[in-house]
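# Analysis of the macromolecular model
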Amino acid sequence: MQKILDIISAKVQQAFVDAGYEASYGRVTVSNRPDLCEYQCNGALAAAKAYKCAPIQIANAVVEKLNSGDFSMCDAVMPGFINLKLSDAFLQNYLEEMRNAEDFGVEKFGAGKTVIVDYGGPNVAKPLHIGHLRSAIIGESLKRLYKFFGYNAIGDIHLGDWGLQMGLIIAELQERQPDLCYFDENYTGAYPAEPPFTISELEEIYPAAAAKKKEDEAFADKAHTATYELQSGRRGYRAIWKHIMNVSLADMRKIYDNLNVHFESWLGESDADPYIPAMVEDMKVRGIAVQSEGAWVIPVAEETDKKEVPPCILIKSDGSAIYATTDLATMVQRMQDLGPDQMLYITDKRQALHFEQVFRAAKKSGILPGDYPVDHLGFGTMNGKDGKPFKTREGGVMRLERLIAEMTDFVRTKVVENKIVAENEVEETTKKIAMAALKYGDLSNQPTKDYIFDMDRFAAFEGNTGPYILYTIVRIKSILARYGAWETLPIQAPANAYAKDLMLAITRLAPALESALKTFSPNLICAYIYELAGAVNKFYHETRILTEENEQLKAGYISLIALAKNVLEQCIDLLGFSAPEKM
Ligand code: ARG
């Protein structure tokens, strides 16, 4: 379906032509004076200069050519504005078409295109922290949005599974259990199927090793060597690595499932490793990579740079590959295997320089075409009420599971105290509300900005919060349940001003979602549903719905709020949460 703005722009443009002026002046915008009109066209003011006449004269001529059936108001007002209001019939038809169309008739402009959304990015064997939470929440939402517009969107978790943390764990394990067969270089038998640690042991080993590395230089060297040997293919280390992966991934899947975050692809840095030697060799041969102080680097500075962009390091002087190397090799792999049309990376904005270097290196070396659409969305920090990065009460780094547990406990208390649902539904309802509180609390902020994590505010049932949106949906659901079969009721002309506002809000779905995708801003989805929920609640308070005696009118009210509910539910699905039955 065409967006309303495009439909009426076309009509007004035609009216300009019919009145003898150029079509381009007829572009319509959403009114910035909603008290006066819904849409407006200011083109007569610009046209007046070109045609050397009074703007109001042009506006009058254009208005005369407009079809009055589409508008309940089309006025030329001084000095030359054209103010428009849609007619009831136009709105009714448009909404009825939305109701019957697949996905409310949004244009599937992504059809036939593949996009890779690289998000999550957890590091295997290291605890997940809240930076990873933001990446997961924002990335999942944008991926869903891509899919909604018809893209073949592939969410790739891009595991950090190839770095120093692996060497640290191996070195620490060797100090603790030197007799394990993994460390015996002469061992040629098969390695045990059972891992030499549990997930809780693994969770303890990594921080212990990381702490030791800081104080003990010999240990740090050992860990670096182990990392290098792992990457070079030492059998026993690869076997330990597999164990670490298996144990850690099982745990990770649970956490992401709980968050309603799902990846199409579970590849990681290690999967890019086989692509590194040929890629590096090729870059050396073609002179893309040059030697600098024993390392191989790709110079990526550009004349127009305002800040210095240092060369992208490809191979360190000790011969090892780094983060940028695996990111470049991952692009090689993706282009070979999937040939995506577009890539989007979602991490903390502190990685902005890394991605700038990697993107430039990829284009310079031809891994990506020079005009390839590749973006990095760098998000801000989640802060505590003190304005500093969010910490535990004891001052430590907040782990993801703990944050989710705290929010869930907080919501559960409310659910139980207010006797919202029967005892056997408490958990399910609590989980849904907590997820909405957490995700909406995050997503309602512009991703690039820092925000303050405020449990009370995020979990409140009133205000611009996830639970408020859920509450609105649940309210409609309960009205619909009391009404009975509503699924096939057609949309009627607006019965009052509140109905019309609600209808207008519903028509803004497609433009809101489109801007959200084009600017990587799920916050625009939040802003949209907050407005829509407001229109629903206003209509609900001003209109007797179930007690309306005129059955025809009542059916119209019901079909309208049902459509609003479906739109709201679609939008929260795009944000990655869902509504309970009762609240
Ligand atoms: N593992 C990285 C981290 O924790 C994030 C990975 C992001 N994706 C990428 N392709 N570099 O910082």
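Below is a short write-up of the structure. Small disclaimer: the values here were computed from a predicted structure and weren't measured.

## Here's the deal with the nonpolar core
In this structure, M407 and I506 are the most contacted members of the largest nonpolar core, which totals 169 residues. Among the elements that take part in this core, helix α21 (residues 551-575) stands out by supplying 14 residues, more than any other. Excluding residues that lie within four positions of it along the chain, I506 makes contacts with L95, M98, Y528, L532, L560, L563, A564 and V567. The next biggest cluster of nonpolar side chains, apart from the first, holds 32 residues, and it includes I116, M283, W296 and C312.

## Remarks on the site of the ligand
D118, G121, N123, H132, H158, Y323, D327, Y345, T347, Q351 and F355 make up every residue found near the ligand. Contact between the ligand and Y323: a nitrogen atom at 2.8 Å from a side-chain N or O atom of the residue. Contact distances for the ligand include 2.7 Å between a nitrogen atom and a side-chain N or O atom of D327. Cavity membership is defined here by more than half of the atoms lying within 2 Å of grid points; on that basis the ligand lies in the largest pocket. Among the secondary structure elements, those contributing two or more residues to the shell around the ligand are α12 (323-337) and β10 (342-348). In the shell around the ligand, the residues fall into 3 nonpolar, 6 polar and 2 charged.

## As for the side chain of K143
Mapped onto the fold, K143 is located in helix α5 (residues 130-148). Exposure remark for K143: the relative accessible area of 2% places this residue in the buried category. Not counting residues up to four positions away in its chain, the partners in contact with K143 are V117, Y119, A153, I154, G155, H262 and E264.

## Comments concerning empty space enclosed by the protein
Per the stated rule, a full pass over the model turns up 4 cavities of 30 Å³ or more. Lining the largest cavity are 14 residues, and of these K126, P127, E203, S248 and D251 lie nearest its centre. It is helix α9 (residues 235-258) that contributes the most residues to the lining of the largest cavity, 4 residues altogether. The calculated volume of the second largest cavity comes to roughly 80 Å³. Every residue along the wall of the second largest cavity is listed here: I491, Q492, A493, P494, A495, A499, M503, L553, G556, Y557 and L560. Elements with a minimum of two residues in the lining of the second largest cavity: α18 (497-507) and α21.

## Examining the environment of S292
Tracing the backbone shows S292 in strand β7 (residues 290-292). For S292, a relative accessible area of 30% gives the class partly exposed. Put simply, S292 and K316 are 24 residues apart on the chain and 9.6 Å apart in space, counted from C-alpha to C-alpha.

## Regarding the sheet that holds β7
Reading across from one edge, β7-β8-β9 is the order of the 3 strands in this open sheet, with antiparallel pairing throughout. On the outer flanks of this sheet lie β7 and β9 (312-315), each paired with one strand and no other. When strand polarity is set aside, the average angle formed by the axes of neighbouring strands in this sheet is 50°. Sheet analysis places β7 next to strand β8 (residues 295-298), joined by 3 bridges and oriented antiparallel. Note on β8: the bridge partner recorded for S292 is A295. Where helix α11 (residues 276-285) meets the sheet, it contacts β8 and β9, and its direction lies at approximately 115° from that of β9.

## Remarks on the packing of aromatic side chains
Inspection of every chain in the model, using the stated rule, returns 23 aromatic pairs. When the ring of Y119 is compared with that of F263, the centres are 4.7 Å apart and the planes differ by 40°; the resulting orientation is tilted. Taken together, the residues span a long stretch of sequence, with Y119 in the loop between β5 (114-118) and α5 and F263 in the loop between α9 and α10 (269-272) at a distance of 144 residues. A single burial state applies to Y119 and to F263, both of which are buried. Aromatic pair W162 and W241: ring centres 5.6 Å apart, planes at 80°, arrangement edge-to-face. One end of the pair, W162, is in the loop between β6 (152-156) and α6 (164-176); the other, W241, is in helix α9, and 79 residues separate them in sequence. Per residue, the accessibility class of W162 equals that of W241, and both read buried. Cation over ring: K108 sits above F148, and NZ or CZ is 4.8 Å from the ring centre. A cation over an aromatic ring shows up here: R253 above the ring of W266, its NZ or CZ 4.1 Å from the ring centre.

## A closer look at the pairing of β6
Burial within β6 is extensive, with 4 of its 5 residues counted as buried. When β5 meets β6, the two strands line up parallel, connected through 5 bridges. Paired with T114 across the strands is N152, a residue of β6. Crossover β5 to β6 through α5 is right-handed.

## Comments concerning the side chain of D156
Of note, D156 is situated in strand β6. Among the polar contacts listed, one links the side chain of D156 to the backbone nitrogen of H158, at a separation of 3.0 Å. In terms of polar contacts, D156 uses its side chain to reach the side chain of S265, at 3.4 Å. With sequence-adjacent residues up to four places away left out, D156 is seen in contact with I116, V117, D118, Y119, F263, S265, L267 and R334.

Criteria and thresholds
- Residues numbered from 1 in each chain as written.
- Predicted model: local features only at pLDDT ≥ 70, side-chain atom pairs only at ≥ 80, totals over all residues.
- Heavy atoms only, no water.
- Core = buried A, V, L, I, M, F, W, Y, C linked by side-chain atoms within 4.5 Å.
- Buried < 20%, exposed > 50% of the residue type's maximum accessible area, 1.4 Å probe, protein only.
- Helix = DSSP H or I, 4+ residues; strand = E, 2+ residues; numbered from the N terminus.
- Contact = heavy atoms within 4.5 Å.
- Near = heavy atom within 4 Å.
- Polar contact = N/O pair within 3.5 Å; in protein donor to acceptor, adjacent residues only side chain to side chain.
- 1 Å grid on protein atoms, 1.4 Å probe; cavity = no way out; pocket = protein on both sides within 12 Å on 5 of 7 lines; lining within 4 Å.
- Sits in = over half its atoms within 2 Å of the grid points.
- Nonpolar A, V, L, I, M, F, W, Y, C, P; charged D, E, K, R; others polar.
- Points joined across faces, edges and corners; volume = space filled by probe spheres on them.
- Pairing = 2+ DSSP bridges.
- Axes fitted to C-alpha atoms, helices over the stretch in contact; angles between N-to-C directions.
- Phe/Tyr/Trp six-rings, centres within 6.5 Å; stacked < 30°, edge-to-face > 60°.
- Lys NZ or Arg CZ within 6 Å of the ring centre and 35° of its normal.
- Right-handed = clockwise from strand over helix to strand, strands pointing away.

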